[in-house]
There are 2 protein chains.
Amino acid sequence: MCTFFGGDAAHPLGLAIAMATQRRRNGKGIGKGIGKANPAEDEAVYQAILHALLEGKLKAGVKLAEPPLADIFGVSRERIRKVLHRLGAERRLEMIPNRGARVPRPTLDDVRSVYEAHRVLEAGVLTQLVRLVDEALIEKLTAHLAEERAAATRGDRAASVRLSGAFHVHLVEALGNAELTRFLADLLSRSSVMVSVYEPATDSICAVDEHGAIVEALRARDVARAIAVSREHFLHVESRLHLDDDPAPASEDLTSVFGAMKPKRRKR
Amino acid sequence: MCTFFGGDAAHPLGLAIAMATQRRRNGKGIGKGIGKANPAEDEAVYQAILHALLEGKLKAGVKLAEPPLADIFGVSRERIRKVLHRLGAERRLEMIPNRGARVPRPTLDDVRSVYEAHRVLEAGVLTQLVRLVDEALIEKLTAHLAEERAAATRGDRAASVRLSGAFHVHLVEALGNAELTRFLADLLSRSSVMVSVYEPATDSICAVDEHGAIVEALRARDVARAIAVSREHFLHVESRLHLDDDPAPASEDLTSVFGAMKPKRRKR
DNA sequence: TGATTTAAAAATGTGCACATTTGGCATGGC
DNA sequence: GCCATGCCAAATGTGCACATTTTTAAATCA
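Residues numbered from 1 in each chain as written. Chains lettered and ligands numbered in written order. Predicted model: local features only at pLDDT ≥ 70, side-chain atom pairs only at ≥ 80, totals over all residues. Heavy atoms only, no water.

A.B. asks: How do you make sense of the relation of the copies chain A and chain B when you look at a structure like this?
C.D. replies: Two chain copies, one operation linking them: a rotation about an axis together with a shift along it. Mapping chain A onto chain B leaves a residual RMSD of 0.1 Å; the transformation is a rotation of 180 degrees accompanied by 0.0 Å of translation along its axis. The operation mapping one copy onto its partner corresponds to a two-fold rotation axis. Taking the C-alpha atom as reference, chain A places Gly124(A) closest to the rotation axis, 1.9 Å from it. Interface overlap between copies is the fraction of interface residues in one copy that are interface residues in the other; for chain A against chain B it reaches 100%, indicating a shared surface. (Least-squares fit on C-alpha atoms with pLDDT ≥ 70 in both. Contact = heavy atoms within 4.5 Å.)

Right, dumping it as structure tokens:
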């Protein structure tokens, strides 16, 4: 059932390969010449790893060593190092001193914690939203519901998952508060990593009706009902969480994960 | 009125100076000798700068250049650099490419956004809390109220400010959700920086009664009332926000801010 | 054979030497 | 007198050469 996934738009992978190819080859000989200023390069590597993480291509527990990544992306090791530490600061990677970076292996409690946080947050959001709700918002949400339903009947599971998460994003964004929006995005990105372990997205769509009930309560400006429905919705999702029995050895081969990008040179 | 300030306990400044003094002096001559592994050193510098930020010693807009900081703390520039970038990733410092780090200068809207986020979050927290509230929690909160009142009558403004923030921390912590607790801590730390610009803490205590009303509503398990009171409380605070007319040139002298710590050697 | 020790290889962490960029200041032109 | 331009000092960014630590493998011993 509904695994919430943040709605990222552009896929900067193409950008990554473009920048990787255009790297200069400097004679490594005597020439001490160095400092190259390319801020886009950092960003491209960052986005590539982040996307691999969000798309679940990087399985939980996988080690992200610096040398192979530097080789794959065709950049210096410190470049990789900086990105890895940044992802660690954002709590998207687990950094252990002297032992490198790993994709976090969340416990079941961690997952529950994230879902509960989302549930509590949305209760607050709805409380505030009933004060601001207008026809335009209702229409927007209704249109979104139609999209969800369409994807569901069409059997497009990927779209269903995406739209299901987007619904909740629409709710917070309606408040127009950057802090709250960021917080939700944080929760969603974290939950997306968990999918690979506790895949709650086994059976198909079930959320559309519940989402519709929330919109209905909003239209009626019935705070209590909106919160109650939202709560039930989340508890419903949480109850479906289960440990994936077959941990799936998790392909340790980073090259296959980032294989799409063409580095200066591969392994040799 | 009540400026919320996260309840930090230990003051790792002593630690910082201790580590600064015990730094080795290596002959800077030919000896290429290098790599020293001291994880506590990073942490000490990080905590020192963070605390200066949270305590408002670093005024908004101040430039945090690497060389002087490296000199003050007696560590290498890259050490400082790493810490600065980390603080930037946490959005506590404003990082501009090729132009270094500055203490952020939040707009009035930024401040309002933070307070609004706290307000919305607390609405959600209270919604969940009325389901879990028990005698133990009520007693704990009541005891806290007594502390607040004591500090107020005693005229201890610093304690009042600290306890006022701690009250809201107690509320989220009661849920036992790490994500939510972290989010609140984030909001509080951000608002503390804003105090230096829009000091909302001009007049003394006013929150104790409002805090008491929240506890009262919790005891009665009256969600609507709890949220309403909380909301009023926050709006009350927000309404007192005002732009500080006299921006106070902001002592650009970093040495005076971090003067407490004894480096290997000062300016010379 | 299995567990322990030891040595080699790989990976992480850090200071340093640069290159690049920015900011300030003086000089010169209008 | 004021703005534009060029130059110089300072600050930021980055690759590299190490040291340190961890991990892997081999070798030794019980």
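Picking up where we left off.
A.B. asks: Is there a simple way to think about the packing of aromatic side chains in this case?
C.D. replies: What describes a pair of aromatic rings is the distance from one ring centre to the other and the angle between the planes of the rings. All told, the structure shown has 3 aromatic pairs over all chains when counted by the stated rule. Pairing Phe183(A) with Phe183(B) gives two aromatic rings, centres 3.6 Å apart and planes at 10 degrees, and the pair type is stacked. In this pair, Phe183(A) is assigned in helix α8 (residues 178-198) and Phe183(B) in helix α8 (residues 178-198), connecting two distinct chains. For the residue pair Phe183(A) and Phe183(B), the accessibility class agrees, reading buried in each case. Here Arg86(A) stacks its cationic end above the ring of Tyr46(A), 3.6 Å away from the centre of that ring. (Phe/Tyr/Trp six-rings, centres within 6.5 Å; stacked < 30°, edge-to-face > 60°. Helix = DSSP H or I, 4+ residues; strand = E, 2+ residues; numbered from the N terminus. Buried < 20%, exposed > 50% of the residue type's maximum accessible area, 1.4 Å probe, protein only. Lys NZ or Arg CZ within 6 Å of the ring centre and 35° of its normal.)

A.B. asks: Help me out: how do you make sense of the interface of chain A and chain B in this one?
C.D. replies: When the parts of a complex come together, some accessible area is lost, and that lost area is often taken as the interface size. Taken together, the 25 residues of chain A in the interface contact 25 residues of chain B. Together chain A and chain B conceal approximately 2300 Å² of surface at their shared face, both sides included; 56% is due to carbon and sulfur atoms. Taken as a group, Val120(A), Glu179(A) and Phe183(A) account for 24% of the area that chain A buries against chain B, more than any other trio of residues on that side. The tally of links from chain A across to chain B stands at 4 salt bridges. The salt bridge involving Glu179(B) is made with Arg91(A); its shortest N-O contact spans 3.6 Å. Between chain A and chain B we count 10 residue pairs in polar contact (both at pLDDT 80 or more) in total. Contributing elements (two or more residues each) for the side of chain A that touches chain B: α5 (108-132), α8 and α10 (223-239) of chain A. The element best represented in the side of chain A that touches chain B is α5(A), accounting for 12 residues. Each residue belonging to the side of chain A that touches chain B can be placed in one class, and the counts come to 12 nonpolar, 5 polar and 8 charged. (Buried area = accessible area lost by both parts, 1.4 Å probe. Salt bridge = Lys/Arg side-chain N within 4 Å of Asp/Glu carboxyl O. Polar contact = N/O pair within 3.5 Å; in protein donor to acceptor, adjacent residues only side chain to side chain. Nonpolar A, V, L, I, M, F, W, Y, C, P; charged D, E, K, R; others polar.)

A.B. asks: Honestly, helix α7 (residues 157-173) of chain B in this entry has me stumped. Any pointers?
C.D. replies: One turn of the α-helix equals 3.6 residues, which is why residues spaced by three or four share an orientation. All names here are of chain B. For α7, built from 17 residues, the straight-helix expectation of 24 Å at 1.5 Å per residue is met to within 8% by its first-to-last C-alpha distance of 24 Å. Of all 17 residues in α7, 12 are buried, a share of seventy percent or more. Of the positions making up α7, those classed as buried are Ala159, Ser160, Val161, Leu163, Ser164, Gly165, Ala166, Phe167, His168, Val169, Leu171 and Val172. With a side-chain oxygen lying 3.2 Å from the backbone nitrogen of alanine 159, the N-terminal cap of α7 falls on aspartate 156. (Expected span 1.5 Å × (residues − 1).)

A.B. asks: I would appreciate a short explanation of the environment of Asp209(A) in the present structure.
C.D. replies: Of note, Asp209(A) is situated in helix α9 (residues 207-219). Linking Asp209(A) and Leu145(A), residues 64 residues apart in sequence, is a C-alpha distance of 8.8 Å.

A.B. asks: For this particular structure, what's the right way to read the sheet that holds strand β3 (residues 100-102) of chain B?
C.D. replies: The pairing of strands in a sheet comes from backbone hydrogen bonds and takes either a parallel or an antiparallel form. Here 3 strands make up an open sheet; going across it, the order is β1-β3-β2 (chain B) and the pairing antiparallel. Edge strands, defined here as strands with exactly one partner in the open sheet, are β1 (63-64) and β2 (94-96) of chain B. (Pairing = 2+ DSSP bridges.)

A.B. asks: Whenever I open this one, the packing of helix α6 (residues 135-154) of chain A against α9(A) confuses me. Can you help?
C.D. replies: All names here are of chain A. Closest axis-to-axis distance for the α6/α9 pair is 10 Å, and the angle between their directions is 170 degrees. Classed by the angle they form, the pair α6 and α9 counts as roughly antiparallel. Every residue of α9 that contacts α6 at Ile138, Leu141, Thr142, Leu145, Glu148 and Arg149 is listed here: Val208, Asp209, His211, Gly212, Val215, Leu218 and Arg219. The residue inventory of the contact of α6 with α9, partitioned by class, reads 6 nonpolar, 3 polar and 4 charged. (Axes fitted to C-alpha atoms, helices over the stretch in contact; angles between N-to-C directions. Parallel < 35°, antiparallel > 145°, perpendicular 65-115°, else oblique.)

A.B. asks: Explain the sheet that holds strand β2 (residues 94-96) of chain A to me, please; I cannot follow it from the model alone.
C.D. replies: All names here are of chain A. The strand order β1-β3-β2 describes an open sheet built from 3 strands, whose pairing is antiparallel. Strands with a single pairing partner mark the edges of an open sheet, and in this sheet they are β1 (63-64) and β2. In this sheet, strand β3 (residues 100-102) lies alongside β2 in antiparallel orientation, the contact comprising 3 bridges. Its bridge partner being in β3, isoleucine 96 is matched across the sheet by glycine 100.

A.B. asks: I keep staring at the nonpolar core and nothing clicks. Help me out?
C.D. replies: Generally speaking, nonpolar side chains in soluble globular proteins are found buried as a group. Core analysis: the largest hydrophobic core is formed by 71 residues, its most contacted members being Val125(A), Leu171(A), Leu218(A), Val125(B), Leu171(B) and Leu218(B). Setting aside its immediate chain neighbours within four residues, Leu218(B) contacts Leu126(B), Leu129(B), Val130(B), Val133(B), Ile138(B), Leu141(B) and Leu171(B). (Core = buried A, V, L, I, M, F, W, Y, C linked by side-chain atoms within 4.5 Å.)

A.B. asks: What am I meant to see in the pattern of salt bridges here?
C.D. replies: Residue and element names in this part refer to chain A. Applying the stated criterion across every chain yields a total of 34 salt bridges over all chains. Among the salt bridges present, the one from lysine 82 reaches aspartate 42, with a minimum N-O distance of 2.9 Å. Taken as a pair, lysine 82 in helix α4 (residues 77-89) and aspartate 42 in helix α2 (residues 39-54) lie far apart in primary sequence, 40 residues in all. Here arginine 154 makes a salt bridge to aspartate 156, at a shortest N to O gap of 3.0 Å. The exposed category is assigned to arginine 154, whose relative accessible area is 54%. Overlapping salt bridges bring together Glu41, Asp42, Arg79 and Lys82 as one network.

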